[in-house]
Each structure stands twice: as C-alpha cells, then as structure tokens.
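This is what each chain is made of:
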Amino acid sequence: DVQLVESGGGLVQPGGSLRLSCAASGFTFSTYAMSWFRQAPGKEREGVAAIYRGGGGTLYADSVKGRFTISQNNAKNTVYLQMNSLKPEDTAMYYCAAKGPAGTWSNTRNYNYWGQGTQVTVS
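Model, not experiment: these values are computed from the prediction.

What about the overall build of the chain?
The number of helices and strands found in the chain is zero helices and eleven strands. Ordering the α and β elements of the chain from the N terminus gives β-β-β-β-β-β-β-β-β-β-β. In summary, the chain has a C-alpha radius of gyration of 13 Å against a globular reference of 14 Å for 123 residues, a match within 12%. Oriented by its inertia axes, the alpha-carbon framework of the chain measures out at about 35 × 25 × 25 Å. Residues classed as buried in the chain amount to 43% of the 123 residues present. Partitioning the contacts of the chain with sequence separation of at least 6, the portion at a separation of at least 24 is 57%. When the accessible area of the chain is evaluated, it comes to approximately 6,300 Å², of which 45% is carbon and sulfur surface. Both charge centroids of the chain, one from 11 positive and one from 7 negative side chains, sit 6 Å from each other.

A closer look at the sheet that holds strand β1 (residues 3–7)
In space, the four strands of this open sheet follow the order β1-β3-β8-β7, with antiparallel pairing throughout. The sheet is open, and its two borders are formed by β1 and β7 (68–73), each paired with just one other strand. Ignoring strand direction, the axes of neighbouring strands in this sheet form an average angle of 15 degrees. For β1 and strand β3 (residues 18–25), the ladder comprises five bridges, and the chain directions are antiparallel. Paired with Val-5 across the strands is Ala-23, a residue of β3.

With respect to the nonpolar core
Of all hydrophobic cores here, the largest spans 29 residues; its most connected members are Met-34, Trp-36, Val-79, Leu-81, Met-83 and Tyr-94. Those elements that place two or more of their residues in this core are β3, β4 (33–39), β5 (46–52), β7, β8 (78–83), β9 (92–99) and β11 (118–122). If we ignore the near neighbours within four places in the chain, the residues touching Met-34 are Leu-4, Phe-27, Phe-29, Ala-49, Ala-50, Ile-51, Ile-70, Gln-72, Val-79, Cys-96, Ala-97 and Ala-98. One finds Ala-50, Ala-97, Trp-105 and Tyr-111 within the second-largest nonpolar core, a separate group that totals five residues.

Details of the pattern of salt bridges
Between side chains of opposite charge, a pair can form as their charged atoms come close. Per the counting criterion, the structure on display carries four salt bridges. Across the pair Arg-38 and Asp-90 runs a salt bridge, and its minimum N-O distance is 2.9 Å. Taken together, the positions of Arg-38 in strand β4 and Asp-90 in the loop between β8 and β9 put the pair 52 residues apart, joining distant regions of the chain. Taking relative accessible area as the criterion, Arg-38 reaches 7% and is therefore assigned buried. A salt bridge links Lys-65 to Asp-62; its shortest N-O distance comes to 3.2 Å. Comparing Lys-65 with Asp-62 shows no difference in burial state: the two are exposed. Salt bridges sharing common partners tie together Arg-38, Glu-46, Arg-67 and Asp-90.

Parameters at a glance
Residues numbered from 1 in each chain as written. Predicted model: local features only at pLDDT ≥ 70, side-chain atom pairs only at ≥ 80, totals over all residues. Heavy atoms only, no water. Helix = DSSP H or I, 4+ residues; strand = E, 2+ residues; numbered from the N terminus. Rg over C-alpha atoms; globule rule 2.2 N^0.38 Å. Buried < 20%, exposed > 50% of the residue type's maximum accessible area, 1.4 Å probe, protein only. Contact = heavy atoms within 4.5 Å. Areas by Shrake-Rupley, 256 points an atom, 1.4 Å probe, with all protein chains shown as cover. Lys, Arg positive; Asp, Glu negative; His and termini not counted. Charge placed at Lys NZ, Arg CZ, Asp CG, Glu CD. Pairing = 2+ DSSP bridges. Axes fitted to C-alpha atoms, helices over the stretch in contact; angles between N-to-C directions. Core = buried A, V, L, I, M, F, W, Y, C linked by side-chain atoms within 4.5 Å. Salt bridge = Lys/Arg side-chain N within 4 Å of Asp/Glu carboxyl O.

All quantities given are derived from atomic positions and should not be read as evidence of function.
Here's what the structure looks like:
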C-alpha cells in the first residue's frame, strides 16, 4: 500500500524554524515529483514547494521563496521541508503529496497520493 507519513509540525514563535519530514512507501519514490501543500482554515489548499527529477529541480510559491527549502533523500524515501523565518501567516496544516511527471505542480488534481497532514502553528 502507498503511504505518505508527515511529521515535524508543531507550535513555534514568529521568526522560528521547523523541519517537516514525509516518509514515503509503496511506490517508486525517485520517479515521482514530491510536493508540500498547506491549507489554513477557510482557505483553499495551496502549493508550497515541489521537488522533481530525483531531487534535481525545485519550485516554490512566491510567499515562501528564500525562507523554505525542499529536499529529498532517495535512500530513505523521504522528502523534507525546512521552514525558516516563520510568520503567523504560515500557520496551516501541511500535506505531503506525490505525482507523476505530467501536470502543473501546484494543481492538487494532478496528485496521486496524499499524506494525512501535520499542523504548523506560528504564534
């Protein structure tokens, strides 16, 4: 069975840092594009960052560029999201997702697999 399991969320003060992890299993990790999305209460789910080509390429939402870094460890089938200089507006549930090579990275409909989410609160 395919599983994406996120961890690392929590409560942090503005300006602080967190590192999220997403452990993947049940599919060929290195051939998929992996992304992080977030969803705040009352808002649509939005793309935060994506990594593809086995880690050779990355994309970021404008709101997190320069503050967040996505990376992956193919040996561990794990993708990470390092979040620095956190702001209250970063508060959301963060989801890990996996998709094939086709389709825009920020469109949730292009994703095959989703994790259950991990809560990040900046306050």
